[in-house]
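# Fold and geometry: a report
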Amino acid sequence: MFGATAQARDSLGVFEAWGAFRDPAVSQSGGPRCYAIAMPVAAKSQGFAAVGSWPRQQVRGQVHFRLSRMRAEDAAVILNVGDRRFTLVAGQVDAWAPDARADAAIIAAMRSATSMSVQTRDARGLGFADTYALRGAATAIDAAALGCARLR
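Because the structure is a prediction, the values reported are computed rather than measured.

## Side note on the overall build of the protein
Each helix and strand counted, the protein has three helices and ten strands in total. For the protein, the proportion of its 152 residues judged to be buried stands at 44%. A separation of at least 24 residues holds for 49% of the contacts in the protein among residues at least 6 apart in sequence. Accessible surface, the protein as shown: approximately 8200 Å² in total, 49% of it carbon and sulfur.

In structure tokens form, the structure reads like this:
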């Protein structure tokens, strides 16, 4: 599952359905990044969920989703984590929390839930959802944060 991701990166560990990685040098100005990442439960999906940190840019715990399909231009993207619901900001195939406060709330919800799903409509107008198991997510998020803790 994480083979292609891990080739050019340092593996910080695989925890159930989640892996943690460190990119030593993303760019000269951006510096290293660390992230926890998982693929949706549906094995055929091209999507992923990630929680990343870029210490030199003072970004920590940023949630990012790559959708498994291109979304309809006017379609809202909703994240359900346990009994919590969040509206995400989205591009054609990517979605993010609207701000750092929402990132923190999503991560807190992820720590206590067993699954989460991102739902929207695709370019043909059909609804779809990418579902993620959250077993190992908290440990992977912590491992990624620790992996970049000294890199400032």
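## A word on the sheet that holds strand 2 (residues 18-23)
Spatial strand order, 1-2-3-4-5-8-7-6-9-10: ten strands in an open sheet with antiparallel pairing. One side of each edge strand has no neighbouring strand; the edge strands of this open sheet are strand 1 (10-15) and strand 10 (127-133). Adjacent strand axes in the sheet meet at a mean angle of 25 degrees when their direction is disregarded. Both strand 1 and strand 2 contribute to a ladder of five bridges, which runs antiparallel. Its bridge partner lying in strand 2, Ser11 is registered against Phe21. Its contacts with the sheet place helix 3 (residues 137-147) against strand 1, strand 2, strand 3 (33-38) and strand 4 (48-54), and it is angled at close to 10 degrees to strand 2.

## Some points on the nonpolar core
Trp18, Phe65, Leu79, Val81, Met110 and Met116 are the most contacted members of the largest nonpolar core, which has 34 residues in total. Excluding residues that lie within four positions of it along the chain, Leu79 makes contacts with Phe65, Arg84, Arg85, Phe86, Leu88, Ile106, Met116, Ser117 and Val118.

## A closer look at the state of the cysteines
Defined simply, a disulfide is a covalent bond joining two cysteines at their sulfur atoms. Scanning the entire structure with this criterion turns up one disulfide. Note that Cys34 is cross-linked by a disulfide to Cys148, the S-S spacing being 2.0 Å. One disulfide, between Cys34 and Cys148, carries an S-S torsion of 85 degrees and so falls in the right-handed class. Residue Cys34 is located in strand 3, and its partner Cys148 is located in the segment after helix 3; the two are separated by 114 residues in the primary sequence. Classification of Cys34 by relative accessible area gives buried; the value is 1%.

## Considering helix 3
Those residues of helix 3 lying buried are Ala137, Ala140, Ile141, Ala143, Ala144 and Gly147. Around the axis of helix 3, the buried residues are gathered within 160 degrees of arc, so they sit on the same side. Looking at the buried positions of helix 3, the neighbouring elements they touch are strand 1, strand 2, strand 3, strand 4 and helix 2 (100-112).

## Some remarks on the confidence of the model for the protein
Detailed reading of predicted coordinates is not advised where the pLDDT is low. Summing up the model confidence of the protein, the mean pLDDT is 89 and the portion of residues at 70 or higher is 88%. Predicted confidence is poor over residues 1-7, with pLDDT under 50, and the contacts of this stretch with residues over four places away or in other chains come to twelve contacts.

## Here's the deal with the pairing of strand 9 (residues 115-121)
Relative to strand 9, strand 6 (residues 77-81) is paired through four bridges, and the arrangement is antiparallel. Bridge pairing in strand 9 places Val81 opposite Met116. Sheet analysis places strand 9 next to strand 10, joined by seven bridges and oriented antiparallel. If you follow Ser117 over to strand 10, its bridge partner there is Thr131.

Cut-off values and rules
Just so you know, the residues in each chain are numbered from 1, in the order the chain's sequence is written. Reporting in this predicted model follows two pLDDT cut-offs: at least 70 for local features of residues, and 80 or more for side-chain atom pairs to be given and counted; totals over whole chains, interfaces and linings ignore these cut-offs and use all residues. Computation of side-chain values: all heavy atoms of the structure, hydrogens and water removed. Strands here are runs of E lasting at least two residues and helices are runs of H or I lasting at least four, both read from the DSSP assignment and numbered beginning at the N terminus. Accessibility here uses a 1.4 Å probe with only protein chains present; expressed as a share of the type maximum, an area under 20% marks a residue as buried, one over 50% as exposed, and anything in between as partly exposed. Working rule for contacts: check all heavy atoms of both residues, and any pair within 4.5 Å makes them a contact. The protein chains shown are the only cover counted for residues, whose accessible areas, like all others here, come from Shrake-Rupley with a 1.4 Å probe. We call two strands paired when DSSP finds no fewer than two bridges between them. All axes here are fitted lines through C-alpha atoms, helices being fitted over the stretch that makes contact, and every angle between N-to-C directions spans 0 to 180 degrees. Think of a nonpolar core as a cluster: buried Ala, Val, Leu, Ile, Met, Phe, Trp, Tyr and Cys residues, connected wherever their side-chain atoms sit within 4.5 Å. Two cysteine sulfur atoms form a disulfide, by the criterion used here, when they sit within 2.5 Å. To obtain the arc, one takes the directions from the helix axis to the C-beta atoms. Each residue gets a pLDDT score, which is the predictor's confidence in that residue and runs from 0 to 100.

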